[in-house]
Amino acid sequence: MRVMRSLAGKWRAIVAIGVCLVGVVAGDKFLAAELGYDVVIVGGRVMDPESGLVAVRNVGIRGGKIVAISAGALSGKASIDAKGLVVAPGFIDPHEHGQQERNYLFQARDGVTTSLELEAGTDDVDKWYAEREGKSTINFGVSVGHIPVRMKVMHDPGGFLPTGDAAHRAATSEELAAIRAGIDDGFRAGALAEGMGINYTAAATHSEIVEMFAIAAKYGAPVHAHLRYGGVKEPNTGLAALEEVIAAAAATHAPLHVVHITSTGLRDTPQLMAMVRGARESGLDVTTESYPYTAGSTALQSAIFDPGWQGAMAISFGDLQWAETGERLTPETFEKYRKQGGIVVVHSIPEAAARAAVSDPSIMIGSDGMMITGSKVHPRGQGTFARVLGHYVREEKALDLMTALRKMTLLPAERLEKRAPVFRNKGRIREGADADITVFDPARVIDKATYDEPLQYSEGIQFVLVNGVAVVKDGRLVDGVLPGRGARAAVSR
């Protein structure tokens, strides 16, 4: 009998605890309903590339996260009327050199919520992130760069790109050891990837390149590589250059990302795309990207324009446009401006190549935008994403809208999430994801930046939220908000 009374007492205690817990849970739910959400996006057509959801939904945001996606009504402290608009994950740009606030403002108006410098990178990861924390409209991230580390070790006098020994001389054994140490330090400081611009460090040996891949493999980090050659003249073609990095990836097991495949493949772009596809089908972790333009852009003083560039790229002086004035070059002005140093727009990519890459479901979109230093620069840093949506999706019907969004959001997030788990919550519209959201009018979105007038905002991007904070509202930038955060891998030192 005493045993039965004891069991009954314990049962009553368990029931009492359960009632208390139910009360707590019910109270929490009541409290959440009472407080509502920080922001509710009302009545937009939610398009999520991960789940395939395409439906009119209300999106509730709290604490910088998406916490509700509902067909029912939601109430919040603030609301955004998205009726007739698409609600998409914020665009992730994996290739943007202009990592300054002025560039971020143009990118926000183009729907970008996370801007990444993964090709060139930096030689000081800690300093790079510290310079932007609390001062940025959108999220940001960086790789450790083979170019800047090599320039630092070899005391190259160049600025953003090498012009001296780092471009034109093989490294000594001592210098190579220092380069390895610099890359390793960058990864331990939380770099997202390893950036390589082999075309700009043309004297780097094949052995050096393989060693750099091996370091990335040790950290499970992708190598974002600008190929050694960009052109169609044998033997130094884009195809040969792609063979080099695919071989290095296969030998070291490093993930490989080939940057701007069209500007290195040129008319051979479909063959390069087929090589990437074949490597992937063979089990290699290889991805690539493109921008939606028929011209590239780079520094005229760089190694790309060393003797032989005309035959390699199958272009001539008149295909180069001096960005500062818009003039097409001649043999005389080429020599003048090459000594002076500056940016040229390179009209070399066939429209068929650009269209093929933009329409391929497996190829990411990356702007390769340049730092804005004056009034003239390639328009890609200001209009890439709106151009894909407006020109290639709506006007040309080269691809459907969901495919385009996937190329701009989920694919770059998946490329980086193994190295940096922060990206598991980006590139998606789902509960628990970061509230990085772009809301646009699919009937009106379009790029306005041109080669002649590049500093023009895109149109039709109506709202952009970064970590739940509106940075674009009713198609205009919001003053005084800086919600951007560093997207970074774990620091391991």
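Below: a short report on this structure. Because the structure is a prediction, the values reported are computed rather than measured.

1. Focus: the packing of helix α7 (residues 206-218) against helix α8 (residues 238-252)
Logical step 1: It is at 9 Å that the axes of α7 and α8 come closest, and there the two elements cross at 45°. Classified by the angle their axes make, α7 and α8 are oblique. Crossing handedness for the pair α7 and α8: right-handed. On the side of α7, the interface is formed by His206, Ile209, Val210, Phe213, Ala214 and Ala217, while α8 contributes Glu244, Val245, Ala248, Ala249 and Thr252.
Logical step 2: Residues that form the contact of α7 with α8 fall into these classes: eight nonpolar, two polar and one charged.

2. Digging into the pairing of strand β12 (residues 286-290)
Logical step 1: With five of its five residues buried, β12 lies for the most part within the structure.
Logical step 2: Residues Val286, Thr288 and Ser290 line one face of β12 and the alternating positions Thr287 and Glu289 line the opposite face, and both faces are buried.
Logical step 3: With three bridges connecting them, strand β11 (residues 256-258) and β12 associate as parallel partners. Considered in β12, the bridge of Leu256 is made with Val286.
Logical step 4: Two strands pair when backbone bridges link them, and β12 and strand β16 (residues 364-365) are joined in this way by two bridges, in the parallel orientation.

3. Describing α8
Since the α-helix turns once every 3.6 residues, residues separated by three or four places project in the same direction.
Logical step 1: For α8, with 15 residues, the first-to-last C-alpha span of 21 Å sits near the 21 Å given by 1.5 Å per residue.
Logical step 2: Restricting attention to buried positions, one finds in α8 the residues Gly238, Leu239, Ala241, Leu242, Glu244, Val245, Ile246, Ala248, Ala249 and Thr252.
Logical step 3: Looking at the buried positions of α8, the neighbouring elements they touch are α7, β10 (223-226), β11, α9 (261-265) and α10 (269-281).

4. Comments concerning the pattern of salt bridges
Logical step 1: Per the stated rule, a full pass over the model turns up 27 salt bridges.
Logical step 2: Note that Arg169 and Glu175 form a salt bridge whose closest N and O atoms lie 2.9 Å from each other.
Logical step 3: Residue classification places Glu175 among the buried residues on the basis of a relative accessible area of 15%.
Logical step 4: Close ionic contact of Asp436 with Lys426 constitutes a salt bridge, the shortest N to O distance being 2.8 Å. In this pair, Asp436 is assigned in the loop between α16 (410-416) and β17 (437-440) and Lys426 in the loop between α16 and β17, connecting sequence segments 10 residues apart.

5. Thoughts on the packing of aromatic side chains
Logical step 1: Under the criterion given, the structure shown has 14 aromatic pairs.
Logical step 2: Taking 5.0 Å as the distance between ring centres and 25° as the angle between the ring planes, the aromatic pair formed by Phe187 and Tyr219 counts as stacked. Of this pair, Phe187 sits in helix α6 (residues 173-188) while Tyr219 sits in the loop between α7 and β10, and the two are 32 residues apart along the sequence.
Logical step 3: For Tyr219, a relative accessible area of 19% gives the class buried.
Logical step 4: Here Trp322 and Tyr337 contribute two aromatic rings whose centre-to-centre distance is 4.0 Å and whose plane-to-plane angle is 5°, an arrangement assigned as stacked. You can see Trp322 sitting in strand β14 (residues 320-322) and its partner Tyr337 sitting in helix α12 (residues 331-340), a full 15 residues away along the chain. Across the pair, exposure class does not vary: Trp322 and Tyr337 are buried alike.
Logical step 5: Pairwise contacts between aromatic rings join Phe305, Trp309, Phe317 and Phe334 into one cluster.
Logical step 6: In this structure, Arg132 packs its charged tip against the face of Trp128, placed 3.9 Å from the ring centre.
Logical step 7: Lying across the ring of Tyr291, Arg380 places its NZ or CZ 4.8 Å from the centre.

6. Section: the pairing of strand β2 (residues 54-62)
Logical step 1: Sheet topology places strand β1 (residues 37-47) next to β2; seven bridges connect them, and they run antiparallel. Each bridged residue has a counterpart across the sheet, and for Val39 the counterpart in β2 is Ile61.
Logical step 2: The turn joining β1 and β2, which pair antiparallel and follow one another in sequence, is formed by six residues; a positive phi near 85° is taken by Gly52.
Logical step 3: When β2 meets strand β3 (residues 65-70), the two strands line up antiparallel, connected through five bridges. Within β3, the position partnered with Gly60 by the bridge is Ala68.
Logical step 4: Between the end of β2 and the start of β3, which pair antiparallel, lie two residues, with Gly63 showing a positive phi angle near 65°.

Quick notes on the rules
- Residues numbered from 1 in each chain as written.
- Predicted model: local features only at pLDDT ≥ 70, side-chain atom pairs only at ≥ 80, totals over all residues.
- Heavy atoms only, no water.
- Axes fitted to C-alpha atoms, helices over the stretch in contact; angles between N-to-C directions.
- Helix = DSSP H or I, 4+ residues; strand = E, 2+ residues; numbered from the N terminus.
- Parallel < 35°, antiparallel > 145°, perpendicular 65-115°, else oblique.
- Left-handed = near helix turned anticlockwise from the far one by under 90°.
- Contact = heavy atoms within 4.5 Å.
- Nonpolar A, V, L, I, M, F, W, Y, C, P; charged D, E, K, R; others polar.
- Buried < 20%, exposed > 50% of the residue type's maximum accessible area, 1.4 Å probe, protein only.
- Pairing = 2+ DSSP bridges.
- Expected span 1.5 Å × (residues − 1).
- Salt bridge = Lys/Arg side-chain N within 4 Å of Asp/Glu carboxyl O.
- Phe/Tyr/Trp six-rings, centres within 6.5 Å; stacked < 30°, edge-to-face > 60°.
- Lys NZ or Arg CZ within 6 Å of the ring centre and 35° of its normal.

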